[in-house]
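Understanding the architecture of this molecule
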Amino acid sequence: WSAVSNATFTLEIAENEAFSTIVLQQKGITTNSATIDLSDLESTKTYYWRIRTAQTNKLESISKVESFVTATRPSAPKTTLISPNDGVELEEDITFFWRDVECDEYTIQMSAQKDFSNILYKKTTTDTSLPFTLSVLGKGTFYWRVITSGKALTDTYSDIRSFKITKISVGNFEPGYALNVYMN
C-alpha cells in the first residue's frame, strides 16, 4: 500500500469481502508494509485484506479490498494404530497406543458410528498413548482413530479400528444398589 506521512495502519484479513468475519487484525503499523504469519489460516482458501489508515485530526480511510489464496499445506504424517487390535473384545480398562510421527499433537476420537458422525470421546495429547476407562462409553461396539496435526500442516487421519466393550467393571457394588453415606 502507499506510504502516508504521520499515519498508523491497521491490516485486516477476512473470510469475505464484507469483512463480517475478520480472522486477523494487525494494528499499529507505521510503515507501508507488514510481515504476518498466515499459518493459522485454512489451506488453499481465498481471503480478503484491506488497510485502515489513521492520521491525527483526520477521518480514518479504508483501502480497496484485495484478495489472496493461501498455499496448499503439506499433510501431517499418518500414524499407525498399535493397540488394541481391530475387533477386540474388552472387559477391563485399556491403554490405546499409536506410532510416534513428526507432528505437534495427536487427537484420539471414539464413536459408535464408523463414519464418526457422532464423536463420543475426544482427547488431544502430545503422547502416543492414552489410558482409558471403559465405563466412559458403556457397553457396545465402538470405533477409534487418531488425527495427527501441526502448525502449517493439514490434519491426517489414521486408519479406523473397532473394539467391543462386553463388560463394565462396577467395583465392589452390584448394579442397581445405592450406597448410602452418613456424616456425623
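An account of the accompanying structure is given in this report. (Residues numbered from 1 in each chain as written. Predicted model: local features only at pLDDT ≥ 70, side-chain atom pairs only at ≥ 80, totals over all residues. Heavy atoms only, no water.)

Taken together, three strands build an open sheet; the order of strands is S6-S8-S11 and the sheet is antiparallel. The strands lining the two open edges of the sheet, one partner per strand, are strand S6 (81–83) and strand S11 (129–132). With direction set aside, neighbouring strand axes in the sheet form an average angle of 25°. Here S6 runs beside strand S8 (residues 94–98); their pairing, made up of two bridges, is antiparallel. Each bridged residue has a counterpart across the sheet, and for Leu-81 the counterpart in S8 is Trp-98. (Pairing = 2+ DSSP bridges. Helix = DSSP H or I, 4+ residues; strand = E, 2+ residues; numbered from the N terminus. Axes fitted to C-alpha atoms, helices over the stretch in contact; angles between N-to-C directions.)

Enumeration over the complete set of coordinates arrives at eight aromatic pairs. Measuring from ring centre to ring centre gives 5.5 Å for Phe-96 and Phe-163, while their planes differ by 65°; the resulting arrangement is edge-to-face. Linking Phe-96 in strand S8 with Phe-163 in strand S14 (residues 161–165), this pair joins segments that are 67 residues apart in sequence. Neither residue differs from the other here; Phe-96 and Phe-163 are each classed as buried. On the numbers, 5.8 Å between centres and 35° between planes, the contact of Phe-142 with Phe-163 is tilted. Of the two residues, Phe-142 sits in strand S12 (residues 140–149) while Phe-163 sits in strand S14, which places them 21 residues apart along the sequence. Taken together, the aromatic side chains of Phe-96, Tyr-121, Phe-132, Phe-142, Trp-144 and Phe-163 make up a single cluster linked through ring pairs. Against the face of Phe-19 rests Arg-50, its NZ or CZ located 3.9 Å from the ring centre. Residue placement shows Arg-145 over the ring face of Phe-116; its charged tip is 3.9 Å from the ring centre. (Phe/Tyr/Trp six-rings, centres within 6.5 Å; stacked < 30°, edge-to-face > 60°. Buried < 20%, exposed > 50% of the residue type's maximum accessible area, 1.4 Å probe, protein only. Lys NZ or Arg CZ within 6 Å of the ring centre and 35° of its normal.)

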